[in-house]
Amino acid sequence: MTATQDATGAASHRAAPVHIHPRDVTLEAALLALADPVRRTLVRELAAAGPWERTCGTFDVPVTKATLSRHFAVLREAGLLEQKDAGARRLNRLRREEFDERFPGLLALALRDERD
């Protein structure tokens, strides 16, 4: 395995995350990504944080590390999430503006309190 560089220029042995721009996402993919309660929790917590503040390990959700990685991948594939590596950490950013441009109102609806 060859080393790659992360966002800080440090060597990393894991593959950089692959991102899909929201303009290339279907409505079905967006709805499926937001249908899962764990992914909605991740999106809500990212919406409450600033860009690049949250690392993958800081989310308190009742899933294994492997399952959490899959949830992050689904969110990336739906254009909701952007990630970058900073050393051993993977930082996250909700792509709110880009997603809202593609699917106006959908993210706001998903972020609403489920008791509303």
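Residues numbered from 1 in each chain as written. Predicted model: local features only at pLDDT ≥ 70, side-chain atom pairs only at ≥ 80, totals over all residues. Heavy atoms only, no water.

Honestly, the packing of aromatic side chains in this entry has me stumped. Any pointers?
Summed over all chains, the structure comprises two aromatic pairs. Arranged with centres 5.6 Å apart and planes meeting at 65°, the rings of phenylalanine 59 and phenylalanine 72 form a pair that is edge-to-face. Here the residue phenylalanine 59 occupies a position in the loop between strand 3 (54-55) and helix 3 (65-77), and phenylalanine 72 occupies one in helix 3, the gap between them amounting to 13 residues. Judged on exposure class, the residue phenylalanine 59 and its partner phenylalanine 72 are both buried. An angle of 45° between the planes, with centres 5.1 Å apart, marks the rings of phenylalanine 99 and phenylalanine 103 as tilted. (Phe/Tyr/Trp six-rings, centres within 6.5 Å; stacked < 30°, edge-to-face > 60°. Helix = DSSP H or I, 4+ residues; strand = E, 2+ residues; numbered from the N terminus. Buried < 20%, exposed > 50% of the residue type's maximum accessible area, 1.4 Å probe, protein only.)

I'm lost on the pattern of salt bridges in this one. Help?
Any two side chains of opposite charge can pair, given that their charged atoms come close. One pass over the structure, following the stated rule, counts six salt bridges. Between aspartate 85 and arginine 90 there is a salt bridge, and its shortest N-O distance comes to 2.6 Å. Each of the two residues, aspartate 85 as well as arginine 90, counts as buried. Between glutamate 98 and arginine 93 there is a salt bridge; the shortest N-O distance is 2.7 Å. For arginine 93, a relative accessible area of 19% puts it in the buried group. Beyond isolated ion pairs, a larger network of salt bridges with shared partners links Glu82, Arg93, Arg95 and Glu98. (Salt bridge = Lys/Arg side-chain N within 4 Å of Asp/Glu carboxyl O.)

Even after reading the chapter, I still don't get the sheet that holds strand 4 (residues 81-86), so can you show me in this structure?
Strands belonging to one sheet form pairs held by backbone hydrogen bonds; the direction of such a pair is parallel or antiparallel. Strand order in the open sheet formed by three strands is 3-5-4, and the pairing between neighbours is antiparallel. The open sheet terminates on both sides in strands that have one partner only, identified here as strand 3 and strand 4. Packing against the sheet, helix 2 (residues 37-48) makes contact with strand 3, strand 4 and strand 5 (89-94), and its axis sits at approximately 85° to strand 5. Relative to the sheet, helix 3 contacts strand 4 and strand 5, its axis offset from that of strand 4 by approximately 125°. (Pairing = 2+ DSSP bridges. Contact = heavy atoms within 4.5 Å. Axes fitted to C-alpha atoms, helices over the stretch in contact; angles between N-to-C directions.)

Explanation requested: helix 1 (residues 27-35) in the structure shown.
It helps to recall that an α-helix has 3.6 residues per turn; residues three or four apart then point in one direction. Considered for burial, the residues of helix 1 that qualify are Ala30, Ala33 and Leu34. Projection of helix 1 onto a plane perpendicular to its axis shows the buried side chains occupying an angular sector of 90°, all on one side. When the buried face of helix 1 is taken as reference, the exposed residues oriented beyond 90 degrees from it are Glu28 and Leu32. Each element contacted by the buried residues of helix 1 is listed here: helix 2, helix 3, helix 4 (96-102) and helix 5 (106-111). (Arc of directions from axis to C-beta.)

So what exactly am I meant to see when it comes to the environment of glutamate 101 here?
Tracing the backbone shows glutamate 101 in helix 4. A sequence separation of 79 residues divides glutamate 101 from proline 22, and the C-alpha atoms of the two residues are 8.3 Å apart.

Explanation requested: the nonpolar core in the structure shown.
Note on soluble globular proteins: their nonpolar side chains tend to be buried together. Formed by 25 residues in total, the largest nonpolar core has its most connected members in Leu80 and Phe99. Those residues within four positions of leucine 80 in sequence are excluded, and the remaining contacts are Ala33, Leu34, Leu75, Arg93, Leu94, Arg95, Phe99 and Leu107. (Core = buried A, V, L, I, M, F, W, Y, C linked by side-chain atoms within 4.5 Å.)

Honestly, the side chain of arginine 90 in this entry has me stumped. Any pointers?
Tracing the backbone through its elements, the reader meets arginine 90 in strand 5. Side-chain polar atoms of arginine 90 contact the side chain of aspartate 85, separated by 2.6 Å. With residues up to four places along the chain from it excluded, the contact list for arginine 90 reads Arg14, Ala15, Ala16, Pro17, Arg54, Thr55, Cys56, Gln83, Lys84 and Asp85. (Polar contact = N/O pair within 3.5 Å; in protein donor to acceptor, adjacent residues only side chain to side chain.)

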